[in-house]
Amino acid sequence: MREETLTMIPGPTPVHPAILGALARPTVSHVAPGFVAESKEAIDGFRRLCRSEKGQAFVVAGGGTLSMEMAVVNLVAPGEKLLVVSHGYFGDRFIDLAQSFGIQVDALKAEWGKVVPPAELEAKLKAGSYAAVTITHVDTSTGTLSPVAEYAKFLKGRPEMFILDGVCATGGVDERMDDWGVDVILTAPQKAIAAPPGVALVTFSERALARRQARASVPGYYADILRWLPIMQDPGKYFSTPAVNEVTALAEALRMIHREGLDARFARHARIAQAVRAGVAALGLELFTDAGNRGDTLSVIRLPEGVEDLAFRKGMAERGIVVAGGLGPIAGKTFRLGHMGNIAAGEITAVLKALEETLASLGVKVTPGAAVAAAAPFLP
Ligand SMILES: *Cc1c(COP(=O)(O)O)cnc(C)c1O
């Protein structure tokens, strides 16, 4: 898949022509039988992507931040306590979000690029009780992959609701809702699922749904999952008009994911990530994120000494590759390269070539062809 410009940022990610084709179909009634069938497929395909047998998936017009809000608002009441495990900008967003609903927040924050040790989470859980705990699976600002299976050992069986933000992970990194005892997986389509942005995706476990049902009300109307539950069970019903074309495109994206197979898809992401890491190392670049906790969906890469951020990204764009700048404390010192979704060897080779040329044009010494050669053995 090649487009004029390759958008290699951590979302939105390149959208396959088959998915774009679904998006371009005529906008039909939200109760047309064909659309109802597509909705059911999207809801079911998303639940299966979360590896949840009995969870309830929700597909609602919005985005990743709405899915975060749906998770928090339905499970944590104003005045209750939320524990946030934060590995950067998106982890911190849960703090702001919860506080804006009058929720009391405790946060375990890692230094950027590092992880909160599982033992710290264990100690925090022993010391206090919380209505819920949020974990960001891959924080898109730092590239940090949370050791979710390790955290899950301490969370499983506890009363706290376990909320996992998969916005930069779901569809690119394995997520095992049932095995890990996760209560909510929330995500959005425009990252590793590789569909266009426009919907919030949330799966609630049976236990989480029961927790919401035990509350008389929640401080939300559109974000209240009980208003959506009848529609998710029968998409022919109406609460608020669904993003018809988006849902059709999402159904196609999920079909592609399940056709590839989850294990194969995650293995492909791992190989591509290895290829990127080998390629940038061959150019003398360093990764910002600690080795051992790097997500496979993006790389946060340090700019070499003397290379100016805007000039660098302009050089890449002139060669057809759009990358993202660093966020927060690492803005201007790093760039972020997304490598998730429906991408393959061709895209990575194109990125590495553009990277080599851009660095050379900015006066960095590089060995021609070294990056592509170093990446090649890993490429699928
Ligand atoms: C992108 C992102 C979000 C926010 O999603 P939006 O669709 O931009 O609202 C939340 N969490 C993580 C980890 C993300 O990468």
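Residues numbered from 1 in each chain as written. Predicted model: local features only at pLDDT ≥ 70, side-chain atom pairs only at ≥ 80, totals over all residues. Heavy atoms only, no water.

Student: So what about the pattern of salt bridges? Which residues, and what values?
Tutor: Counted by the stated rule, this structure contains 26 salt bridges. A salt bridge links E357 to R319; the nearest nitrogen and oxygen atoms lie 3.2 Å apart. Placement of E357 in helix 13 (residues 345–361) and of R319 in the loop between helix 12 (309–318) and strand 12 (321–322) is noted, with a sequence separation of 38 residues between them. What emerges from the salt-bridge pattern is a single network uniting R25, E38, E41, E252, R255 and R259. (Salt bridge = Lys/Arg side-chain N within 4 Å of Asp/Glu carboxyl O. Helix = DSSP H or I, 4+ residues; strand = E, 2+ residues; numbered from the N terminus.)

Student: Summarise the sheet that holds strand 9 (residues 184–187); cite the residues concerned and give the values.
Tutor: Within the open sheet, the seven strands sit side by side as 2-10-9-8-5-3-4. Their pairing is mixed. Both edges of this open sheet fall to strand 2 (56–61) and strand 4 (104–109), since each of them pairs with a single strand only. In this sheet, neighbouring strand axes are inclined to one another by 20° on average, regardless of whether the strands run parallel or antiparallel. Bridge analysis of strand 8 (residues 161–165) against strand 9 gives three bridges, and the strand direction is parallel. (Pairing = 2+ DSSP bridges. Axes fitted to C-alpha atoms, helices over the stretch in contact; angles between N-to-C directions.)

Student: Explain the nonpolar core to me, using residue names and the numbers behind them.
Tutor: Counting 85 residues, the largest nonpolar core has F58, M70, L121, I135, V184 and L186 as the members making the most contacts within it. The element contributing the most residues to this core is helix 10 (residues 244–260), with nine residues. In contact with F58, other than residues within four places in its own chain, are F46, M70, A200, L201, V202, F204, L209, I225, W228, L229 and M232. Core analysis: the next-biggest nonpolar cluster, separate from the first, contains 30 residues, L285, L287, L303 and V307 among them. (Core = buried A, V, L, I, M, F, W, Y, C linked by side-chain atoms within 4.5 Å. Buried < 20%, exposed > 50% of the residue type's maximum accessible area, 1.4 Å probe, protein only. Contact = heavy atoms within 4.5 Å.)

Student: I'd like to hear about the sheet that holds strand 13 (residues 324–325), residue by residue, with values.
Tutor: The strand order 11-14-13 describes an open sheet built from three strands, whose pairing is antiparallel. Two strands bound the open sheet, and with one partner strand each, they are strand 11 (298–302) and strand 13. Note that strand 11 and strand 14 (residues 334–338) share five bridges and pair antiparallel. Considered in strand 14, the bridge of R302 is made with T334.

Student: Lay out the UniProt feature "domain: Aminotransferase class V" (unreviewed entry) in the protein with the relevant residues and their values.
Tutor: Cross-referencing UniProt, the feature "domain: Aminotransferase class V" (unreviewed entry) maps to residues 28–326 in the present numbering. For residues 28–326, the end-to-end C-alpha separation is 40 Å, with 42% helix and 17% strand making up the annotated structure. (UniProt positions renumbered as here; feature names shortened; annotations may be inferred.)

Student: So what's going on with helix 9 (residues 225–233)? Residues and values would help.
Tutor: Considered for burial, the residues of helix 9 that qualify are I225, W228, L229, I231 and M232. Where helix 9 is buried, its residues contact helix 2 (33–49), strand 2, helix 3 (64–75), strand 10 (199–204) and helix 8 (206–213). At the N-terminal end of helix 9, a side-chain oxygen is found 2.9 Å from the backbone nitrogen of L226, two or three residues along, and the residue is D224. (Polar contact = N/O pair within 3.5 Å; in protein donor to acceptor, adjacent residues only side chain to side chain.)

Student: I'd like a rundown of the pairing of strand 9, residues and numbers included.
Tutor: As a general feature of sheets, a regular strand has side chains that alternate between the two faces. Where burial is concerned, the two faces of strand 9 agree: the one with V184 and L186 and the one with I185 and T187 are both buried. Where strand 9 lies against strand 10, four bridges are found, and the strand directions are antiparallel. The residue bridging V184 from the neighbouring strand is F204, located in strand 10.

Student: An account of the packing of aromatic side chains is requested, with residue identities and associated values reported.
Tutor: Summed over the entire model, instances satisfying the criterion amount to six aromatic pairs. When the centroid spacing of 5.8 Å and the interplanar angle of 80° are considered together, the rings of F58 and F204 count as edge-to-face. Here F58 is found in strand 2, whereas its partner F204 is found in strand 10, with 146 residues between them in sequence. F58 sits in the buried class, given a relative accessible area of 0%. These aromatic residues form a ring-pair network of at least three members: Y221, Y222, W228 and F239. Here K81 stacks its cationic end above the ring of Y130, 5.0 Å away from the centre of that ring. (Phe/Tyr/Trp six-rings, centres within 6.5 Å; stacked < 30°, edge-to-face > 60°. Lys NZ or Arg CZ within 6 Å of the ring centre and 35° of its normal.)

Student: Residue-level account of the side chain of H137, with values.
Tutor: Relative to the elements of secondary structure, H137 occurs in the loop between strand 5 (132–136) and strand 6 (138–139). Overall, H137 belongs to the buried group, its relative accessible area being 2%. H137 has contacts with T144, L145, S146, V148, L164, D165, G166, A169, V173, D174, E175 and W180, leaving out every residue within four places of it along the chain.

Student: Residues and numbers for the UniProt feature "binding site: substrate" (unreviewed entry) in the protein, please.
Tutor: The residues that UniProt annotates with the feature "binding site: substrate" (unreviewed entry) are R336. Tracing the chain through its elements places R336 in strand 14. Judged by its relative accessible area of 9%, R336 is buried. Apart from residues lying up to four places away in sequence, R336 is in contact with M8, P10, T140, S141, L298, S299, V300, V323, A324, G325, G326 and L327. A polar contact is formed between the side chain of R336 and the backbone oxygen of T140, at a distance of 2.8 Å.

Student: How would you summarise unusual backbone geometry if you had to cite specific residues and measurements?
Tutor: With an omega of -5°, the peptide bond between G11 and P12 qualifies as cis. Phi at R51 is positive, roughly 55°, even though this residue is not glycine. One non-glycine residue, A194, lies in the positive phi region at around 65°. Judged by relative accessible area, which is 0%, A194 ranks as buried.

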